[in-house]
Structures are given as structure tokens and as C-alpha cells.
Amino acid sequence: MIGLMSATAAGAAARDRLAAAWPERTRVYEGPVGEAVRAAFAECEQVVCFLATGAVVRLLAPLLADKAADPGVVCVDEGGRFAVSLLGGHGGGANELAREVAAVLGAEPVVTTATDSVGLPGLDTLGLPYEGSVAVVSRALLDGEPVALEAEVAWPLPPLPIAPQGQYTIRVTDRDVPPGEREVLLRPPSLVVGVGASKGAPAEEILALVEGALREAGLSPKSVAELATVDAKAQEPGIVAAAERLGVPVVAYSAAELAGVEVPNPSQAPLAAVGTPSVAEAAALLRGGELLVPKRKSERADGQPAMATCAVVRRPGRGRLAVVGLGPGARDLLTPRAAAELRRASVLVGLDQYVDQIRDLLRPGTRVLESGLGAEEERARTAVAEARKGHAVALIGSGDAGVYAMASPALAEASDDIDVVGVPGVTAALAAGAILGAPLGHDHVSISLSDLHTPWEVIERRVRAAAEADLVVTFYNPRSRGRDWQLPKALAILAGHREPATPVGVVRNASRPDESARVTTLAALDPATVDMMTVVTVGNTATREIAGRMVTPRGYRWQAAQEETE
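Note that the structure is predicted; figures quoted are calculated from it, not measured. (Residues numbered from 1 in each chain as written. Predicted model: local features only at pLDDT ≥ 70, side-chain atom pairs only at ≥ 80, totals over all residues. Heavy atoms only, no water.)

Undergrad: Mind showing me how you'd approach unusual backbone geometry here?
TA: Located in the positive-phi region is aspartate 470, a residue other than glycine, with phi close to 60 degrees. Mapped onto the elements of the fold, aspartate 470 is located in the loop between helix H17 (456-468) and strand E23 (472-476). Residue class for aspartate 470 comes out buried when judged on its relative accessible area of 16%. Phi at asparagine 477 takes a positive value of approximately 45 degrees, unusual for a residue other than glycine. Following the sequence through the fold, asparagine 477 ends up in the loop between E23 and helix H18 (486-495). Assessed through its relative accessible area of 22%, asparagine 477 is described here as partly exposed. (Helix = DSSP H or I, 4+ residues; strand = E, 2+ residues; numbered from the N terminus. Buried < 20%, exposed > 50% of the residue type's maximum accessible area, 1.4 Å probe, protein only.)

Here is the structure:
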């Protein structure tokens, strides 16, 4: 919960705007401001004070305890112009909260944390448990000192300016080792603990078994990703409670799935009880990995038979491929999610001219693999190969990456050994439509007139189908120097089903500084004025030009009513 408080009417107005935007996330604290701050600080995970920073500092000073436990605090001036991350920038999430608050209020976020200020990811913000000298190693990164990355377990990390060797170290490991004096340990969730249990097995017995197995194998409990078991035991109270104590989920598989896993220590007991010769080893190994701790049984002080078994597997780190749509070109049409993925990626793959558009958004240390026109499949293969090496990769394309762009070749190349994330973008058709008015107000279709990848016979059949179905049509790749006849042919097909006065929108370089747009008609459009940077939108039989704008009604009743009055 986010606590909100203010001292003046102006501050209360901004406070109430935020509360209205986030009704489920916020709680307004009324009354004397000092009491409100103290109550919110004690009761909330985060606090937003609509007060002067000096006043907030004085109110907070007696309350500060530990940076790991104190809530994040954001201070907003009473005019709502700035959202200042005041306390707990990383640990309390105040940096990100300041950006969110600023977005809601139309304010400027102010983040002074050193790593954020220079574009470096904070070592305590990577989503991994960490140990060691975060401040010391972070300062070394900021000062340009050589910091080495030792990845004992491959894991997709954001870009870091690392050196082959150095006096400072970032170690990615699931081993239970203490950090060195100038070292940060990052704990990836690479360990899966398979668990089998008899009915009524105590949580203490299961937990002692798991912790003992990890300890004897020299593995860190902080790297345990899940407890895996058979679905018949997924609700066993002891297993559920042990998982809660470890802070991990219980993942369950069917007996049939587990029975298909080859294990070193099968047994008749689980086969008779739940229908599979192995629970602990099979559940841990089902999704692949290296068996570090074979099946072992719990030990009971009372000498009674063991009620639990466990096994530990290290799964290989999965690379991450984000397929990112950059939008039509204007920076303000690049989505926040796309910008976040660009900052997260340690490897960027893309067409050189698209890389140039967003190069300033990349963090220091990002490896850029760029190439020229006509290398789409090569870029897709490169991006997937880098993800398979365990990297965090962003593959960029213009508009939406799934529309005539990089998503389809990349996903055709990728298999289930990497994680794939799609990041939508504003398409050229949408950008052009917004400029023209509302040409896509009813059913519509996009068709590329490039026959480099699609035979013209197929394209022509699709244009005829769209013409007969009375769909608004947006033509991508309408005309180039080597392809100057396809657009006239497509327009002629449409002209066989639509009036010569049908509105046609022509937009070049939508949303870019040299943008141009016009509305003409099907009969008047000169294809020679169109090139590859142009999107052509042809209306349906209901589309009209109204006050210079191209408008397609949401239904045909409007058209009928209009015709009756004419």
C-alpha cells in the first residue's frame, strides 16, 4: 500500500488526483501532517508526501531505521511539478515510484541515485537475491574501475560495463559461498528441489531435509526457484508450508509426466502410492537440468520411517529474447514497455537505421549487433543464438514487431529453450490512420504489395478478396523503384468494386519530422507520388471525407441515414 498525505489545499488536489488514479494501491492519511507521515511510514510499503522536501526530511529523520526495511518515500511539490525520489530509491522502490507518480501527474521525475543517473542498472534492482559489497562494487562501476563478471551459472542480466578481470567482482552463483571483500554475489533461481512426502508429513521434517540437502551440497537456499512434486501431493500441508518458509512456489506434475522421466533411483513405493516410480527425482528433472543431489530420505529422531524425500537439480539459465516494436519513428510513440526492454537488454540486434533511432536509450555496456537492409533472417538467427547463450536480447523492428517485421522470422527460429517476450508497438497503419482521421473505424485489412517474400498471384488474390468484402485496405510497401506496377494494379482491382470518389489517404513518414499527408480519391491518386516510406489507405464504400478528414463509420446504418437525407 502507498500512503498519501498533504498539508495544503494545493497539495491535497494533487494527492487526490493520484488517489483517484490508483484507488487499489493508495490510502490517504488525513489529520496533522506529522502524525500522518508517522502513521504511513509505519503502515505502508511506500509513501508519497505532497510537501516541501525540507519538511519531509525533518519529519522522517527520527523514523529512519534501516535502508533494507524503511519504505520508499517520494516527495511531490505542492504545485505537482516534480516527483522526487527521496528515500529508498532501490530497496524501497522509490525511483520507479517517482517515475510512475510523475507519469500520472504530468510531473518531472527526479532521481538522484548514482547508478540511475548515469544509466547503470543497480545491482540491488536486478530481481535476484544478492549478498556482499553492493555499495563498493557499484562505486567501482561508477568510477570506471575494472569490475569482472564471473558467471558460474549463465543468467540473462542487463548490460554492465564489465572487464575480463579486475579487483572487483560480480559473481553469479548458486553455491553457498561467502562474498569476498570487493564482491557482490547474485543468486539466480537455478535450483529446483523435487519433493515427495507421505500423507501428514510435517513441514519441519520436509524443511530440515531440503535445507540439509542444500547445505551438504554447498548450495544456497536463495537460489531455490521452486519445490516440484506430483499433483497428488500439491496440496499436502507439509509441502505447502515448507515452500512458504522458503519463499518459493509449489509446482506439480501429473504422475504420467513423472513416470516418463528416466531417474537413477526409481522405487516401487511411490509407484504404488501415486502411480509413478519416482516423485522427487522425476519432478526435479522433468524440465531438464543436472542432478546435483540424488534422492535422499528424511531422518526422524523418533526412529520412525522417513516421511519425505528430496532431490536437487540445477537447471540451465534460460536466455531471454524480447522482440520490440519501436513504433513509427516519433520518440513519444515509443512505448514505456519498449524503452524498458531496451534498457534491460545486454545485446541489441537490429537494422542499422533503427538502432540509430534509439541508441541514446541503451545502457552503457550494451553490445549492439546491427546490419543493413535485406538481412532480416540473419538478424533473427543472430538474436535467437545470442539468447541461447543465456543473454538478455532485444530484437528491434519498426512499428509493431509482429506486423511485417522481425517477430515472425525470430519465432520461427526460436524453440522452447529460451524465453520470448513480445513488446507491441504503434504500427504504420495506426499512425497514418490517426493522422488521416478515422479511416479504420470499421473492418479493415493490411496488405503488403512487396512480392519479395510473397508471390504476386497470392497478393492479387488477397486484394480481390478485400475489394469484394468491402474492407478498408492499408497498403504497406506500396511502390519502389524496382516495383512500380503493383500499386496501380491493386488500385485498379479496388476500383472495380468502389466509386472513383472513394477517399484515399496517403501518408509519408508518419510521425516523423518530414511527415506529409493528404486525402485524395481513388480516381485522382497518382501512384508515382508514392514510395516505400508511404502508407496508402483506401476507404470502403461507406468512407467519407469530412472537413478534410477521412472517416469510416462504425456501421452501415450511418451511411443509409446519410443517403436518405441526400
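And the narrative resumes.
Undergrad: Explain the sheet that holds strand E12 (residues 224-230) here, please?
TA: Hydrogen bonding along the main chain pairs the strands of a sheet, whether they run parallel or antiparallel. As summarised here, the arrangement of the five strands in space is E13-E12-E11-E15-E14, forming an open sheet in which the pairing is mixed. Pairing within the sheet leaves two strands with one partner each, and these edge strands are strand E13 (250-253) and strand E14 (290-297). Adjacent strand axes in the sheet meet at a mean angle of 25 degrees when their direction is disregarded. Examined bridge by bridge, E12 and E13 share four bridges and lie parallel to one another. (Pairing = 2+ DSSP bridges. Axes fitted to C-alpha atoms, helices over the stretch in contact; angles between N-to-C directions.)

Undergrad: Which parts of the structure should I look at to understand the sheet that holds strand E1 (residues 2-6)?
TA: Taken in spatial order, the six strands line up as E2-E1-E3-E4-E5-E6 in an open sheet, and their pairing is mixed. Among the strands making up the open sheet, the edge pair consists of strand E2 (26-28) and strand E6 (108-110). Across the sheet, the mean angle separating the axes of adjacent strands is 25 degrees when strand polarity is ignored. For strand E3 (residues 46-50) and strand E4 (residues 72-76), the ladder comprises four bridges, and the chain directions are parallel. Across the sheet, cysteine 49 pairs through a bridge with cysteine 75, a residue of E4. Against the sheet, helix H1 (residues 9-21) contacts E1, E2 and E3, and its axis sits at roughly 160 degrees relative to E1. (Contact = heavy atoms within 4.5 Å.)

Undergrad: Is there a simple way to explain the pattern of salt bridges in this structure?
TA: Where charged atoms of side chains with opposite charge meet at close range, the side chains can pair. Using the criterion set out here, one finds 29 salt bridges in the structure. Between arginine 99 and glutamate 96 there is a salt bridge; the shortest N-O distance is 3.7 Å. Placement of the pair is arginine 99 and glutamate 96 together in helix H4 (residues 94-105), with a separation of three residues, close to one helical turn. Among the ionic pairs, glutamate 341 bridges to arginine 320, the shortest N-O distance being 2.7 Å. Taken together, the positions of glutamate 341 in helix H12 (residues 336-344) and arginine 320 in strand E16 (residues 320-325) put the pair 21 residues apart, joining distant regions of the chain. (Salt bridge = Lys/Arg side-chain N within 4 Å of Asp/Glu carboxyl O.)

Undergrad: What should I look at first to understand the packing of H17 against H18 in this one?
TA: Angle between the axes and distance between the axes: these two values describe a pair of packed helices. Contact pair H17 / H18: the axes reach a minimum separation of 9 Å and the direction vectors enclose 30 degrees. For the element pair H17 / H18, the angle class is roughly parallel. Viewed along their axes, H17 and H18 form a crossing whose handedness is right-handed. Along its contact with H17, which presents Trp456, Glu460, Val463, Arg464 and Ala467, the element H18 presents Gln486, Lys489, Ala490, Ile493 and Leu494. Within the contact of H17 with H18, the residues separate by chemical class into six nonpolar, one polar and three charged. (Parallel < 35°, antiparallel > 145°, perpendicular 65-115°, else oblique. Left-handed = near helix turned anticlockwise from the far one by under 90°. Nonpolar A, V, L, I, M, F, W, Y, C, P; charged D, E, K, R; others polar.)

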